[in-house]
Amino acid sequence: DGRRFALKAMGGRVAGDAATRFAREAEIAAGVSHPNLVGIVDVGVAEAGWLYFVMDLVKGPSLDRARERIGSRAVAIDLLVQIARGLAALHAQGVVHRDVKPANILLAEGDDGRLVARLADLGIARRDAPRLDVADTLPASIAADDTAPRSLRTATGAWIGTPLYMAPELARGEPA
């Protein structure tokens with residue numbers, strides 16, 4: 001039909017926590033549909049054994065690469081409202097994104113010329129509801145860092161999210 005999509009893939013032999021995390025991201029993203037979220041179209045395992053999912057193609061830069069396009073307070077507020085609507089759709093499904101930052105907000109131009117914000121990357125998202133019981137992990141070099149307050153780490157000791165964009169409560173070692 002001529003539509004174009006984006007592909008996110010994990011190449012090579014993927015197993016264990018990495019495969020579980022990738023599958024969880026696909027499951028969470030596929031379960032929530034909203035105009036301010038990047039949607040999942042298909043999920044699968046290629047014949048070569050690598051995992052993939054097909055998602056909406058957002059033709060535009062991330063917010064961190066397009067700050068100069070914002071221009072006015074009115075545009076910034078409009079984008080913030082859109083991001084909040086996407087987060088509200090996730091929260092309605094019991095999902096916490098856990099890594100909202102400019103690099104995970106994609107901007108596209110709408111049919112009316114207005115900027116449209118689409119929240120992406122649910123790689124460390126989790127459900128508040130106990131439907132998914134998957135331990136979050138990051139690379140061993142980060143997981144080994146036990147200097148972080150306990151609330152910044154998962155049960156495995158891994159940091160979750162981008163420290164610069166974390167809730168202040170988490171940075172202070174308090175529950176968020």
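Residues numbered from 1 in each chain as written. Predicted model: local features only at pLDDT ≥ 70, side-chain atom pairs only at ≥ 80, totals over all residues. Heavy atoms only, no water.

1. With respect to the overall build of the protein
Looking only at helices and strands, the protein features five helices and seven strands. Put simply, the protein has 176 residues, and 38% of those count as buried. Of the contacts formed within the protein by residues at least 6 apart in sequence, a portion of 61% connects residues at least 24 apart. Entry remark: accessible area of the protein is about 10300 Å², with carbon and sulfur atoms responsible for 54%. (Helix = DSSP H or I, 4+ residues; strand = E, 2+ residues; numbered from the N terminus. Buried < 20%, exposed > 50% of the residue type's maximum accessible area, 1.4 Å probe, protein only. Contact = heavy atoms within 4.5 Å. Areas by Shrake-Rupley, 256 points an atom, 1.4 Å probe, with all protein chains shown as cover.)

2. Quick notes on the sheet that holds strand 3 (residues 51-56)
The strand order across the open sheet built from three strands is 1-3-2, with neighbouring strands paired in antiparallel fashion. Two strands close off the open sheet at either side, each with one partner strand: strand 1 (5-10) and strand 2 (40-45). Across this sheet, the average inter-strand angle for adjacent strands is 15°, counted without regard to direction. In terms of strand pairing, strand 2 meets strand 3 through five bridges, oriented antiparallel. Following the sheet pairing, Asp42 is matched in strand 3 by Val54. (Pairing = 2+ DSSP bridges. Axes fitted to C-alpha atoms, helices over the stretch in contact; angles between N-to-C directions.)

3. A short note on the confidence of the model for the protein
Mean pLDDT over the protein stands at 78; residues scoring 70 or higher make up 78%. Contacts for the low-pLDDT stretch residues 129-158, under 50 throughout, to residues beyond four places or in other chains number 51 contacts. (pLDDT = per-residue confidence, 0-100.)

4. Here's the deal with the pattern of salt bridges
Scanning all chains against the criterion turns up six salt bridges. For Arg118, the salt bridge identified is with Asp56, shortest N-O distance 2.5 Å. Note that Arg118 is positioned in strand 6 (residues 115-119) and Asp56 in strand 3, a separation of 62 residues in sequence. Judged by relative accessible area, which is 15%, Arg118 ranks as buried. The class for Asp56 is partly exposed, based on a relative accessible area of 25%. (Salt bridge = Lys/Arg side-chain N within 4 Å of Asp/Glu carboxyl O.)

5. Examining helix 1 (residues 16-30)
The first and last C-alpha atoms of helix 1 sit 21 Å apart over 15 residues, in line with the 21 Å expected at 1.5 Å per residue. Among the residues of helix 1, Ala19, Phe22, Arg24, Glu25, Ala26, Ile28 and Ala29 are the ones counted as buried. Its buried side turned inward, helix 1 meets strand 1, strand 2, strand 3, strand 4 (95-96) and strand 7 (126-127). (Expected span 1.5 Å × (residues − 1).)

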